[in-house]
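Inside the fold
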Amino acid sequence: MAPRIPLDIWFEIMDPGVTALEPSERRRTLRMLTLTSRALAGRAQRLLYRNVYFSKPDVFQRFARTVQESPSLGKLVQALQIYIIDREDKHIWNAVISHNALGRLPNLRDLTFVFDGPVPKVLRKDLTALGNRLEVLSIGNVHFPSDGDILRLLARFPKLTSLDLDGCFWHSSADPPPAANADSALVTLRSVGNWDEGTILRMMPQGIQRLTVGEPMPDNETADRRPLSFARFANLMFLELSLNFTPSDDNMGPMKALKECRLRKLEELSLQFRVGCRKVPRAQVERSVIPKLARALGTLLSSDPVPALKKLSVNLDVQLDIRDRPTSDPYVVLEHKAKEELDRVLRKHKPSGVALTVIVEPSLATLEADRYFSAGTGAA
């Protein structure tokens, strides 16, 4: 008879395998495991409730009823994701969330909330109940009444260590809002595609160590936004910038802001440049874009604002206009070209050596933008 495999080995196999699945597939697999094996049922149930995801109000309503009737299941929830995709469902979500479902999750530490519009009032009330527990908060596409409301939201969660703001909008006040409390626990901030990234940075506490900032797609209203400034974050160790490539500005705006400060503890810098929303000829990238990036990097490093830098990553987010079948992959060719140019700049300003990674490829957002503009102009 074949030897029995110990449960610990099964758990080592099951945990990472199930966690890597898409939310709907993960939920289905774990439900099957709870019915298939009594020995694995307890473990599968803990995994099933550890990270829960909802995009339909009726499914969340069943979940709320379950944790009300079985409080032990509510104690298993550590992360909750709510995606209100259809704005017509807003009134339904108001009714569903009003049953204090979040208050029945005593071990909830990680909350993701995405909704294209103002935060429902009942959810704001429920968020208050999480004040002393929440450590990770992600908010997407939410419309805040004013920039000060973001600061007030942050003040509700004294134990918050990580904040993610993606695609949010607010009405800017005439005067910049005050900064958050200096004793805030926040150390990780991701702020991407929001209305005014400059305002976000001015409000955040100085103790942030990991920062990701992404400019929104170019539009005609950027003049109303405050410029980026990193000088306040003296403890910064990781910085990722996603920037719109501007042919007329060799300093790339935010890179100029980075040059004007001194981040003594910064060890890792990641720069992503979005080169337009349409297809770009390869020759233009090779003869214009890459040299400008090299000059901008040289200008940045000439004043040595990041003396502890150990790793630099550069990503050119560009979709090439390829009309003839090339003899070699044009993206790979441009990667080699960009790495040669940037490596030459690094050796000049950082002779001690900095690990360099260069990637040239279009992001999904760039591909989607190109399809949108092509459809709008009647292109094939």
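A short tour of the structure in this document, coming up.

Rules used throughout
- Residues numbered from 1 in each chain as written.
- Predicted model: local features only at pLDDT ≥ 70, side-chain atom pairs only at ≥ 80, totals over all residues.
- Heavy atoms only, no water.
- Helix = DSSP H or I, 4+ residues; strand = E, 2+ residues; numbered from the N terminus.
- Buried < 20%, exposed > 50% of the residue type's maximum accessible area, 1.4 Å probe, protein only.
- Contact = heavy atoms within 4.5 Å.
- Areas by Shrake-Rupley, 256 points an atom, 1.4 Å probe, with all protein chains shown as cover.
- Salt bridge = Lys/Arg side-chain N within 4 Å of Asp/Glu carboxyl O.
- Pairing = 2+ DSSP bridges.
- Right-handed = clockwise from strand over helix to strand, strands pointing away.
- Core = buried A, V, L, I, M, F, W, Y, C linked by side-chain atoms within 4.5 Å.
- Expected span 1.5 Å × (residues − 1).
- Arc of directions from axis to C-beta.
- Phe/Tyr/Trp six-rings, centres within 6.5 Å; stacked < 30°, edge-to-face > 60°.
- Lys NZ or Arg CZ within 6 Å of the ring centre and 35° of its normal.
- Axes fitted to C-alpha atoms, helices over the stretch in contact; angles between N-to-C directions.
- Parallel < 35°, antiparallel > 145°, perpendicular 65-115°, else oblique.
- Left-handed = near helix turned anticlockwise from the far one by under 90°.

**Describing the overall build of the protein**
- A count of helical and extended segments in the protein gives 13 helices and 12 strands.
- The proportion of buried residues among the 380 residues of the protein is 43%.
- Counting contacts in the protein only where the partners sit at least 6 residues apart, residues at least 24 apart contribute 79% of the total.
- For the protein, the exposed area adds up to about 20000 Å²; of that, 51% sits on carbon and sulfur atoms.

**Things to note about the pattern of salt bridges**
- By the definition in use, this model includes 11 salt bridges.
- Within the structure, one salt-bridge network assembled from shared partners comprises Asp 164, Asp 166 and Arg 190.

**Focus on the pairing of strand β5 (residues 162-166)**
- Within β5, 4 of the 5 residues are buried, leaving the element largely enclosed by the surrounding structure.
- With 5 bridges joining them, strand β4 (residues 136-144) and β5 adopt parallel strand pairing. Pairing of Ile 139 across the sheet is with Leu 165, part of β5.
- Where the polypeptide runs from β4 across helix α8 (residues 147-155) and back to β5, its parallel neighbour, the crossover connection is right-handed.
- Bridging between β5 and strand β7 (residues 188-192) involves 5 bridges; their strand directions are parallel. For Leu 163, the partnering residue across the bridge sits in β7 and is Leu 189.

**What about the nonpolar core?**
- Membership of the largest hydrophobic core comes to 100 residues, with the highest contact counts inside it found for Leu 80, Met 204, Leu 211, Phe 230 and Leu 316.
- A per-element tally of this core places helix α11 (residues 282-302) first, with 9 residues.
- Beyond its immediate chain neighbours, meaning those up to four positions away, Leu 316 contacts Phe 273, Val 275, Val 285, Val 289, Ile 290, Leu 293, Ile 359, Val 360 and Glu 361.

**Observations regarding the side chain of Ser 270**
- Structurally, Ser 270 can be placed in strand β10 (residues 268-274).
- Excluding residues that lie within four positions of it along the chain, Ser 270 makes contacts with Leu 239, Glu 240, Leu 241 and Ser 313.

**Quick look at unusual backbone geometry**
- With a phi close to 65°, Asn 141 is a non-glycine residue in the positive phi region.
- Position of Asn 141 among the secondary structure elements: in strand β4.
- A positive phi angle is found at Asp 304, which is not glycine, with a value near 50°.
- As for its placement among the helices and strands, Asp 304 is situated in the loop between α11 and β11 (311-317).
- Residue Asp 304 is classed as partly exposed on the basis of its relative accessible area, which comes to 28%.

**Quick look at helix α4 (residues 57-69)**
- For α4, which comprises 13 residues, the first-to-last C-alpha distance of 18 Å matches the rise-based estimate of 18 Å (1.5 Å per residue) to within 8%.
- The complete set of buried residues in α4 reads Pro 57, Val 59, Phe 60, Phe 63, Ala 64 and Val 67. An end-on view of α4 places all buried positions within 155° of arc, on one side of the element.

**Considerations on the packing of aromatic side chains**
- As enumerated under the stated definition, the model contains 6 aromatic pairs in all.
- Centroid distance Phe 54 to Phe 60: 5.1 Å. Interplanar angle 90°. Geometry classified as edge-to-face. Accessibility assignment for this pair places Phe 54 and Phe 60 in one class, buried.
- One aromatic cluster is present, formed by Phe 54, Phe 60 and Phe 63 through successive ring pairs.
- Seen from the ring of Phe 238, Arg 210 lies directly overhead, with NZ or CZ sitting 4.2 Å from the centre.

**Considering the environment of Leu 312**
- Secondary-structure assignment places Leu 312 in strand β11.
- Distance from Leu 312 to Glu 268, taken between C-alpha atoms, is 6.0 Å for residues 44 residues apart in sequence.
- Once residues lying within four places of it in the same chain are set aside, the contact partners of Leu 312 are Leu 269, Leu 271, Leu 297, Leu 346, Val 354, Ala 355, Leu 356 and Thr 357.

**Points about the pairing of strand β9 (residues 238-244)**
- Most of β9 sits inside the fold, with 6 of its 7 residues counted as buried.
- As paired elements, strand β8 (residues 210-214) and β9 share 5 bridges and run parallel to each other. Bridging from a neighbouring strand, Val 213 pairs with Leu 241 of β9.
- Here β9 pairs with β10 via 7 bridges, running parallel. Paired with Glu 240 across the two strands is Ser 270, which belongs to β10.

**Quick look at the packing of α11 against helix α12 (residues 330-349)**
- Running from amino to carboxyl end, α11 crosses α12 at an angle of 25°, the nearest separation of the two axes being 10 Å. By the angle between their directions, the pair α11 and α12 is classed as roughly parallel. As α11 packs across α12, the resulting crossing turns out to be right-handed. For the pair α11 and α12, the contacting residues are Arg 282, Val 285, Glu 286, Ile 290, Leu 293, Ala 294, Leu 297, Gly 298, Leu 301 and Ser 302 in the first and Pro 330, Val 333, Leu 334, Lys 337, Ala 338, Glu 341, Leu 342, Val 345, Leu 346 and His 349 in the second.

Geometry only, nothing functional implied.
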